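Letter by letter, the chains look like this.
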Amino acid sequence: MHPMLNIAVRAARAAGNVILRHSTRVDSLTIASKARNDFVSEVDRLAEQEILRVLRKAYPDHGVLAEESGAHGAQEEFLWIIDPLDGTTNFLHGFPQFAVSIALRRKDRLEQAVVFDPLRNELYTASRGSGALLNDRRLRIKRKAGLEGALLGTGFPFKDRTHLERYLRMFRELLPASAGVRRAGSAALDLAFVAAGRLDGFWEIGLKPWDMAAGVLLVEEAGGMVSDFRGGREHLDTGNLVAGSARVHAEILAIIRPHLDQALPC
């Protein structure tokens, strides 16, 4: 395992321990609202502190982009992109779909990725050029011939409803074209599931870098395709993402492209 990935795994497991310790007393947690339908709990902050503690001990000069504490650190070459608890709303309701997500970007390229599901003790890891793993099992994306029979994942634009109608038009076309669509509430795990073949494809509007950075590298290292809505490489900037095998990815793009316009950065 790459030394930087090993540190990321250590940080993810430390955060996972924090999440599990608090999972039985959710009713007593301090919860704040950052925006409409966007919540943060003390567990998010404690888990992020654990991640930062491990990363700073190993790499004190690296930059950080974290969901709760924002951007800090001066070094521009290495940037850790962190979501300490992806799926906070699920966690707060006892819905068992949430994860720790940590990625390392070197300059403009993602190099290391960890998505850790503490409930199932499932650790998804990837290093650029070395493939992706679920625990000790190598991942290869499912090679579907197309959308027919494919199971898709998605996320509703529930925080910002500016593009809700546009999203619903995409949904109405993709639903009958596939075997079904699942919305579980953690983009990091959805992308990990694409890499593992549990989902055949995924699309979402309005993600943040920490929601998807680790999952993007997992999909790519498992042999899949990831892009923005126009098939380009701006997904970390626009927040709009399509992922899947080459054929599924292409067919999702073909269906959603007619619904794009200048109001939606692609």
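All figures in this text were calculated on a predicted structure; none of them were measured in a lab.

Points about the overall build of the chain
The helix and strand tally for the chain stands at 8 helices and 15 strands. Relative to its length of 266 residues, the chain is compact, with a C-alpha radius of gyration of 17 Å against a globular reference of 18 Å. Out of the 266 residues belonging to the chain, those deemed buried represent 56%. Restricting to contacts in the chain with at least 6 residues of sequence separation, those with at least 24 account for 64%. Total accessible area on the chain stands at roughly 11700 Å², and carbon and sulfur atoms take up 49% of it.

Focus: helix H8 (residues 246–256)
Counting along an α-helix, one turn takes 3.6 residues, and residues three or four places apart therefore face a common direction. Burial in H8 covers these residues: Val248, His249, Ile252, Leu253, Ile255 and Ile256. Mapping the buried residues of H8 onto a view down its axis gives an arc of 165°, with all of them on the same face. Those residues of H8 hidden inside the fold are in contact with strand S11 (151–155), helix H4 (164–177), strand S13 (201–204), strand S14 (225–227) and strand S15 (241–244).

Things to note about the environment of threonine 154
On the secondary structure map, threonine 154 appears in strand S11. Assessed through its relative accessible area of 1%, threonine 154 is described here as buried. Through-space distance from the C-alpha of threonine 154 to that of leucine 92 is 20 Å; in sequence the pair is 62 residues apart. When near neighbours in sequence (up to four residues on either side) are disregarded, threonine 154 contacts Tyr167, Val181, Arg182, Arg183, Asp190, Phe202, Trp203 and Glu204. In this structure the side chain of threonine 154 is engaged in a polar contact, spanning 2.9 Å, whose partner is the backbone oxygen of tryptophan 203.

Brief notes about the sheet that holds strand S12 (residues 180–182)
What links the strands of a sheet is backbone hydrogen bonding, and the strands pair in either a parallel or an antiparallel sense. Pairing in this open sheet of 5 strands is mixed, and the strands run S12-S11-S13-S15-S14 from one edge to the other. At either margin of the open sheet sits one strand with a lone partner, and together these are S12 and S14. Adjacent strand axes in the sheet meet at a mean angle of 15°, parallel and antiparallel pairs treated alike. Bridge count between S11 and S13: 4 bridges; the pairing is parallel. When the sheet's bridge partners are listed, leucine 152 is paired in S13 with glycine 201. Running at roughly 155° to S13, helix H5 (residues 187–196) makes contact with S11, S13 and S15 of the sheet.

Digging into the pattern of salt bridges
Counting across every chain of the model gives 9 salt bridges. A salt bridge links glutamate 122 to arginine 198, with the shortest nitrogen-to-oxygen separation between them at 3.0 Å. Note that glutamate 122 is positioned in strand S8 (residues 122–127) and arginine 198 in the loop between H5 and S13, a separation of 76 residues in sequence. Between lysine 142 and aspartate 200 there is a salt bridge, with its nearest N and O atoms 3.8 Å apart. Separated by 58 residues along the polypeptide, lysine 142 in the loop between strand S10 (137–138) and S11 and aspartate 200 in the loop between H5 and S13 bring together distant segments of the chain. Lysine 142 sits in the partly exposed class, given a relative accessible area of 38%.

Here's the deal with the packing of H5 against helix H6 (residues 209–221)
Look at H5 against H6: their axes get within 8 Å of each other, and the N-to-C directions meet at 5°. Judged by the angle between their axes, H5 and H6 are roughly parallel. Contacts between H5 and H6 involve Ala187, Ala188, Leu191, Ala192, Val194 and Ala195 from the first element and Asp211, Met212, Gly215, Val216, Leu218 and Val219 from the second. Each residue belonging to the contact of H5 with H6 can be placed in one class, and the counts come to 10 nonpolar, 1 polar and 1 charged.

Examining the nonpolar core
Grouped together as the largest cluster of nonpolar side chains are 39 residues, with contacts concentrated most on Leu110, Val115, Tyr124, Leu139, Leu218, Val219 and Leu241. For this core, the secondary structure elements donating two or more residues are strand S5 (78–86), strand S6 (99–106), strand S7 (109–117), S8, strand S9 (131–134), H5, H6 and S15. Top contributing element to this core by residue count: H5, with 9 residues. Excluding anything up to four places from it in sequence, leucine 139 contacts Tyr124, Ala132, Leu133, Leu134, Ala195, Ala196 and Ala222.

Rules used in this analysis
Residues numbered from 1 in each chain as written. Predicted model: local features only at pLDDT ≥ 70, side-chain atom pairs only at ≥ 80, totals over all residues. Heavy atoms only, no water. Helix = DSSP H or I, 4+ residues; strand = E, 2+ residues; numbered from the N terminus. Rg over C-alpha atoms; globule rule 2.2 N^0.38 Å. Buried < 20%, exposed > 50% of the residue type's maximum accessible area, 1.4 Å probe, protein only. Contact = heavy atoms within 4.5 Å. Areas by Shrake-Rupley, 256 points an atom, 1.4 Å probe, with all protein chains shown as cover. Arc of directions from axis to C-beta. Polar contact = N/O pair within 3.5 Å; in protein donor to acceptor, adjacent residues only side chain to side chain. Pairing = 2+ DSSP bridges. Axes fitted to C-alpha atoms, helices over the stretch in contact; angles between N-to-C directions. Salt bridge = Lys/Arg side-chain N within 4 Å of Asp/Glu carboxyl O. Parallel < 35°, antiparallel > 145°, perpendicular 65-115°, else oblique. Nonpolar A, V, L, I, M, F, W, Y, C, P; charged D, E, K, R; others polar. Core = buried A, V, L, I, M, F, W, Y, C linked by side-chain atoms within 4.5 Å.

The analysis is restricted to geometry; functional conclusions fall outside its scope.
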